[in-house]
Amino acid sequence: MIENRQPDSRFGEYVQLLRGGKGNMRRQESCMPLVDCRRVRIAVILALVTASAGCQVWPLARYLIAPDYPTLRRGERLAVPGLLAPVEVTQKSDGFSRIVAANEHDALLAEGYVMARDRMAQLDLTRHMARGELAELLGNRRLGERTTLDLDRLHRFLGFRDHATILIAGATPQEQAALAAFTQGVNAWIESGPLPLEHRLLGIERIRPWAPEDSTAIYLFLMHGLSGNADREIRRLVIACGNGLDAMERVWPTDLEFSTYALPPEDLRPETYPAPPAVVPELAAELAERCAEGRHDTFDPAARRAAVEPAAGFAFAALPLLAQPGSASNNWVTAGSGTRSGRPVLSNDPHLPFTNPPIFWGVDLEYPGTRVAGFTIAGLHRLAIGHNGSVAWATTTNHVDRQDLVVHRARSETRQGATQAGYDVEGTFVPFGYRTERFGIHGAEPVDVTVRLTRDGPLMNDLDPFVAGRIPLTAIRLAPVGRGTDLDAAAAMSRARNAGEVAAALAGMDQGCQNWVIADSGGSIGYRSPCVLPLRPGWRGTFPVPGWLERYRWPGFVPKSDLPAATDPARGWLVTANGQVIPSNRFPTSYNNDATAPNRFMRIAGLIETGRRNGGLTAADSAAIAHDRAEANWPALRARIEADFCADRAGSEAVVAARRRLCAWDGSMDPQSPVPTLFILWSNALLDRALADDVPGGAAGQVWRWVQALVQFEADAQWLWTRPDSDPVWDDVGTPAAESRADIFRLAFEDAVAEGERKYGTDFDEWQWGRARPFVLEHAFAGGGGGVLGAVLNSSPFGIGGGNETVFKQQFLRSDRERLHPGVGPVVRFTVDLAEPWSATYSIAGGASGWPRSPHYGDRVADWAAGREHPLTPPAAPTDTRVTLVPAPA
């Protein structure tokens, strides 16, 4: 790693003093005689805090002077209400806990207690986001093109809070009791523990009790972001309404599909199915009229008039990423025939937004008949990835499509002298339904928001102010919650003893539409992706459909037995990396629309094959794959540009030299190398040159930035490289000439060199990738730099390798041209050899604790960045801190 060089400033000196750099004021010998070092430190802190322009001064100052994060004392006994028997909790040297209980109730109660102890601020923030109550916690703050109240409006009316009760009602009494025990543990901490720093900064004096529905709302919120493409459909619709369907197809094609598939060949259906249209003819014929109708829509939900508060010391730049969690991941499993141990080796590195603390929380949980170790999303009580000594499971996003947008024809009728607004269905007038919700705003009066409802769902025009006026009247249709058996499915996974039992447990998942890979100690491996998947007879699902026709309703759902699955594949391995699971023409309805490019899949598969040929893959080999920093699409791209671009000698001296360096590049996204910076600048400029002219407002417009402000846009960015010379995308519609691919490549490269010189200087070696976009693990309250709070809540910036298409993913949004900030990547990595499952390893981008300045706040990020793995369940050590939780007196 390399340290990012920061500009000299008094602020930087203060930060160094606080963090223990040169002249560290914590060391008595660094102070002059007769000077009270504590008072000096207070003066420095107050100078910093006062500069934070409205941040709560005294809570931060007091915390920095005497941080009161919770600590454990070896041997202490803590009374916890609700326990039936004593529970042993051992905090390991990495900060994660081993919990040993006499029964499942006590184990899960202790888990809730310890998780809340570590992450209470994070739990509260996430549940407010999932429930559509973020402004109630933070106030109505600006988040890019939206506000916290805008996010609340979207999440509340999508129904995560409402539907959370369905999951609980559908669970067995045993699993309802398990979730209730976890909830008891969280509330025991809320009642007894100190108020998190974040709440003090916000002026909140008390955290409301946790409810089981908070956990299930978080789960539904996450699954919504991980199982649909409505955010891509609406971007296509905005472009089509602004510049036409042809322009939309040039910018973000509706039939984007790559020709590499995760499912083994023997598990593909033998029959083929005709490709349905994406833009159905009935909508194409009326789209211009419907778009005009939307532009003249005057309905106002009223929340748009709520006042937006200034940041007041906070920087919430990270929240928009957390609000769209549909990101990326890798997982893979190698059968024993290809491993050194002769048993399967499984790895997982879920790619989600980077936050400090990380989204995942690790635990080693044991009670009679069960021991499980791994990671769960903070707020959930069952493990998302992990093992129980007999089986292991891992999960990634597969972009299975459970969402559709539906365009409606506006219609009104006058009855008894009153005009009703509504829409048309097969010539029949249907009045809008209306729903009003009250939204709390921290520090301000609540506001009432009303949205229009259709039979397909609420109108996006009323949910998202950015698209209002840019799209027709468009509803969002979501797959139903299902039977509510997801909780029991997760519990059954923990108890499974072989891969078949895990597969049977996964069949109960109605919301968990993910790529699940599984392995057991007997040698079996498998793939499953269970969920409620809608049937779409006659359309693809990548563009909205007309709501005035019955034929575009979902007639039903795919039987789970027909969903893609694999067991013990002939090739000896399974890999998923968010790409196409199956060819679209080998499945009777659309499956995972708008999937990711196959670059990471092919890179991982190639590294597994190399390990198999070289005497078998070890657990260390498998873990090392997750650290791979090779730009996975570069070999194919390098071959593609060899004959024209690399052979070109035209341009300025700087351009020629830069082209020579790029064409000699090996594709490694090394933080020390300047070439990755050039490559990314070139690809960004290529997107602007090739695509922005077809977007309303062009490259400088708000829509172009919004189109790219989505993790999944990267698939479109990768697709652009592969488009043929004859594709009309290369012609700049703003010029009289007809540009070729070679023209756009050349012009974009000149743009990239000019931008690099402007940003990083004329010495190309100073463009080092680690300096161009240093990695900062950001707190949700201190994104985008974060000012003074960033100095306290965020990690120090440092150089890091990886990029948007490396296995070690360090993805920035393509809309973030200035920072290129790595906002998404492997928040945790996990590898287990089923020959020795209790020797499983992990690394995490952060630490166990969510308390700033505590020993385990962000303490593992350096090892994670360097690729150093740690034991998930290390043996007992002198550094362990063991305490006992005991039942509180009645």
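Just so you know, these numbers come straight off a predicted model, no measurement behind them. (Residues numbered from 1 in each chain as written. Predicted model: local features only at pLDDT ≥ 70, side-chain atom pairs only at ≥ 80, totals over all residues. Heavy atoms only, no water.)

Some thoughts on the packing of aromatic side chains
Thought 1: Taken as a whole and assessed by the stated rule, the structure comprises 35 aromatic pairs.
Thought 2: Each ring, one from Phe96 and one from Phe375, has its centre 5.9 Å from the other, and the planes form 90°; the classification is edge-to-face. Remark: Phe375 occurs in strand S9 (residues 370–377) and Phe96 occurs in the loop between strand S2 (87–91) and strand S3 (97–100); sequence separation between them is 279 residues.
Thought 3: The class for Phe96 is buried, based on a relative accessible area of 7%.
Thought 4: Each ring, one from Phe354 and one from Phe775, has its centre 5.1 Å from the other, and the planes form 85°; the classification is edge-to-face. With Phe354 in the loop between strand S7 (345–353) and strand S8 (360–367) and Phe775 in the loop between helix H26 (769–772) and helix H27 (787–793), this pair connects stretches of sequence that are 421 residues apart. Of the two residues, Phe354 and Phe775, both sit in the buried class.
Thought 5: Every member of this aromatic cluster is reached through a ring pair, and the members are Trp634, Phe645, Trp665, Phe679, Trp682, Trp721, Trp730, Phe745 and Phe749. (Phe/Tyr/Trp six-rings, centres within 6.5 Å; stacked < 30°, edge-to-face > 60°. Helix = DSSP H or I, 4+ residues; strand = E, 2+ residues; numbered from the N terminus. Buried < 20%, exposed > 50% of the residue type's maximum accessible area, 1.4 Å probe, protein only.)

Quick word on the side chain of Ser529
Thought 1: By the secondary structure assignment, Ser529 is in the loop between strand S21 (525–528) and strand S22 (545–546).
Thought 2: A polar atom in the side chain of Ser529 sits 3.0 Å from the backbone oxygen of Gln514.
Thought 3: For Ser529, the side chain forms a polar contact with the side chain of Tyr591, separated by 2.9 Å.
Thought 4: Not counting residues up to four positions away in its chain, the partners in contact with Ser529 are Asn398, Cys513, Gln514, Leu563, Pro564 and Tyr591. (Polar contact = N/O pair within 3.5 Å; in protein donor to acceptor, adjacent residues only side chain to side chain. Contact = heavy atoms within 4.5 Å.)

As for helix H13 (residues 281–295)
Thought 1: Under the 1.5 Å per step criterion, the end-to-end length of H13 is 22 Å for 15 residues, consistent within 8% with the ideal 21 Å.
Thought 2: At Leu287, H13 is deflected by roughly 60°, the largest bend along its length.
Thought 3: All of the buried residues along H13 are Leu283, Glu286, Leu287, Arg290, Cys291 and Gly294. (Expected span 1.5 Å × (residues − 1). Bend = angle between axes of the 7 residues up to and from the residue.)

Some remarks on the pairing of strand S26 (residues 828–833)
Thought 1: Counting buried residues along S26, 6 of its 6 residues qualify, which places the element largely inside the surrounding structure.
Thought 2: The alternating pattern of S26 places Val828, Phe830 and Val832 and Arg829, Thr831 and Asp833 on opposite faces, both of which are buried.
Thought 3: Bridge count between S7 and S26: 4 bridges; the pairing is antiparallel. In the sheet register, Leu346 faces S26, and the bridge partner there is Val832.
Thought 4: As judged from the 4 bridges shared by S26 and strand S27 (residues 841–844), these two strands associate in the antiparallel manner. Among the inter-strand pairings, Arg829 is bridged to a residue of S27, identified as Ser843. (Pairing = 2+ DSSP bridges.)

Examining the state of the cysteines
Thought 1: Under the counting rule described, the total for this entry stands at 3 disulfides.
Thought 2: Across a sulfur-sulfur distance of 1.9 Å, Cys241 and Cys291 are joined as a disulfide pair. With the S-S dihedral at roughly -70°, the linkage between Cys241 and Cys291 falls on the left-handed side. With Cys241 in helix H11 (residues 230–243) and Cys291 in helix H13, the pair connects residues that are 50 residues apart, well separated along the chain.
Thought 3: When its relative accessible area of 3% is taken as the criterion, Cys291 is described as buried.
Thought 4: The side chain of Cys513 participates in a disulfide bridge whose partner is Cys531; the two sulfur atoms lie 2.2 Å from each other. Classification of the bridge connecting Cys513 and Cys531 rests on its S-S torsion, roughly 125°, and on that basis the disulfide is right-handed. Of the two residues, Cys513 is situated in the loop between helix H17 (499–506) and strand S20 (514–520) and Cys531 in the loop between S21 and S22; the sequence distance between them amounts to 18 residues. Residues Cys513 and Cys531 agree in their burial class; the two are buried. (Disulfide = S-S within 2.5 Å.)

Some points on the pattern of salt bridges
Thought 1: Counted under the stated rule, the structure contains 69 salt bridges.
Thought 2: Arg98 serves as the salt-bridge partner of Glu366, at 2.5 Å between the closest nitrogen and oxygen. Taken together, the residues Glu366 in strand S8 and Arg98 in strand S3 connect sequence positions 268 residues apart.
Thought 3: Glu366 gets classed as partly exposed once you look at its relative accessible area, which sits at 25%. (Salt bridge = Lys/Arg side-chain N within 4 Å of Asp/Glu carboxyl O.)

Focus on the environment of Trp704
Thought 1: Its place among the elements puts Trp704 in helix H23 (residues 702–708).
Thought 2: On the accessibility criterion, Trp704 (2% relative accessible area) is buried.
Thought 3: Considering only alpha carbons, one finds Trp704 and Asp727, 23 residues apart in sequence, at a separation of 21 Å.
Thought 4: Setting aside its immediate chain neighbours within four residues, Trp704 contacts Leu687, Asp688, Leu691, Ala692, Val695, Gly698, Ala699, Phe713 and Arg817.

Topic: the sheet that holds strand S12 (residues 403–408)
Thought 1: Strand order in the open sheet formed by 3 strands is S19-S12-S22, and the pairing between neighbours is mixed. In this open sheet, the two strands that pair with only one neighbour each are strand S19 (473–478) and S22.
Thought 2: Both S12 and S19 contribute to a ladder of 6 bridges, which runs antiparallel. Paired with Leu405 across the strands is Ile476, a residue of S19.
Thought 3: Set on the sheet, H11 makes contact with S12 and S19; between it and S12 the angle comes to about 35°. (Axes fitted to C-alpha atoms, helices over the stretch in contact; angles between N-to-C directions.)

Here's the deal with unusual backbone geometry
Thought 1: The residue after Asn356, namely Pro357, is reached through a cis peptide bond having omega 10°.
Thought 2: Within the secondary structure layout, Pro357 lies in the loop between S7 and S8.
Thought 3: In this model, Glu426 sits at a positive phi of 50°, which is unusual for a non-glycine residue.
Thought 4: Mapping Glu426 onto the fold places it in the loop between strand S14 (418–425) and strand S15 (428–431).
Thought 5: For Glu426, a relative accessible area of 46% corresponds to the partly exposed category.
Thought 6: A positive phi angle, near 60°, is found at Asp594, a position not held by glycine.
Thought 7: Inspection of the secondary structure assignment puts Asp594 in the loop between strand S24 (573–576) and helix H18 (599–613).

Side note on the environment of Gly697
Thought 1: In this fold, Gly697 is placed in the loop between helix H22 (675–691) and H23.
Thought 2: Sequence separation between Gly697 and Gly294 is 403 residues; the distance between their C-alpha atoms is 18 Å.

Some remarks on the confidence of the model for the chain
It should be kept in mind that the predicted coordinates are not to be read in detail where pLDDT is low.
Thought 1: Summary statistics for the chain give a mean pLDDT of 92 and a share of 93% for residues scoring 70 or more.
Thought 2: In the model, residues 1–37 has pLDDT below 50 throughout and makes 60 contacts with residues more than four positions away in sequence or in other chains. (pLDDT = per-residue confidence, 0-100.)

Things to note about the sheet that holds S2
Thought 1: Read across the open sheet, the 11 strands follow the order S1-S29-S2-S3-S8-S9-S10-S11-S20-S21-S23; overall the sheet is mixed. Two strands bound the open sheet, and with one partner strand each, they are strand S1 (77–80) and strand S23 (565–567). The mean inter-strand angle of the sheet, taken between neighbouring strand axes irrespective of direction, is 20°.
Thought 2: Sheet analysis places S8 next to S9, joined by 8 bridges and oriented antiparallel. Along S9, the bridge assignment pairs Glu366 with Arg371.

What about the packing of helix H8 (residues 173–192) against helix H10 (residues 212–226)?
Thought 1: It is at 8 Å that the axes of H8 and H10 come closest, and there the two elements cross at 105°. Taken together, the axes of H8 and H10 are roughly perpendicular relative to one another. Together, Leu179, Phe182 and Thr183 of H8 and Pro212, Ser215 and Thr216 of H10 make up the contact between the two elements.
Thought 2: When its residues are assigned to classes, the contact of H8 with H10 shows 3 nonpolar, 3 polar and no charged. (Parallel < 35°, antiparallel > 145°, perpendicular 65-115°, else oblique. Nonpolar A, V, L, I, M, F, W, Y, C, P; charged D, E, K, R; others polar.)

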